[in-house]
Amino acid sequence: MKRARYDPGGLRHCFTLVGLSAQPDGCGGLVETETVKGTLWGQLKPRRAVQERLADQDVAEVRHTVIVRFRSDISSKDRLQLNNRAFEILTLHDPDERNAYLVCETREIGR
């Protein structure tokens, strides 16, 4: 397999990794809680922005690719935060299966 090459100098954004979990709310329902799992440096690459009209509302979706150093505790249930921006991880993969980098396809929340 060909080795994926990324410039470590491009990992210039400091992201906060936030884990999401569902906790009982005491009334038979669940409440989503956030837990900070740590910080990591990554590269943010804008991919596409689409504006659609759904149910008589304009809905914008902005997608980014985030490249970070490999961590085994990142999952698609987590979020990445950068300052006041939040990114939902849609997919993630190890491009060359050498546990060096993770490529995360994300959707920006709130834009």
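What you are looking at is a predicted structure, and each value in this text was computed from that prediction instead of being measured.

(A) Region of interest: the sheet that holds strand 2 (residues 30-54). Within the closed barrel, the six strands sit side by side as 1-2-3-6-5-4. Their pairing is antiparallel. Each adjacent strand pair in this sheet contributes to an overall mean axis angle of 45°, direction not counted. Strand direction decides the pairing type here: strand 3 (residues 57-69) and strand 6 (residues 101-109), joined by seven bridges, are antiparallel. The partner of V68 across the bridge, within strand 6, is L102.

(B) Region of the structure containing unusual backbone geometry. With phi around 55°, E97 is a residue other than glycine that occupies positive phi space. Along the polypeptide, E97 turns up in the loop between strand 5 (85-93) and strand 6. The exposure class assigned to E97 is exposed, which follows from its relative accessible area of 63%. For N99, which is not a glycine, the phi torsion comes out positive at approximately 55°. Within the secondary structure, N99 sits in the loop between strand 5 and strand 6.

Definitions and limits used
- Residues numbered from 1 in each chain as written.
- Predicted model: local features only at pLDDT ≥ 70, side-chain atom pairs only at ≥ 80, totals over all residues.
- Heavy atoms only, no water.
- Pairing = 2+ DSSP bridges.
- Helix = DSSP H or I, 4+ residues; strand = E, 2+ residues; numbered from the N terminus.
- Axes fitted to C-alpha atoms, helices over the stretch in contact; angles between N-to-C directions.
- Buried < 20%, exposed > 50% of the residue type's maximum accessible area, 1.4 Å probe, protein only.

Read these as spatial facts, not as claims about activity.
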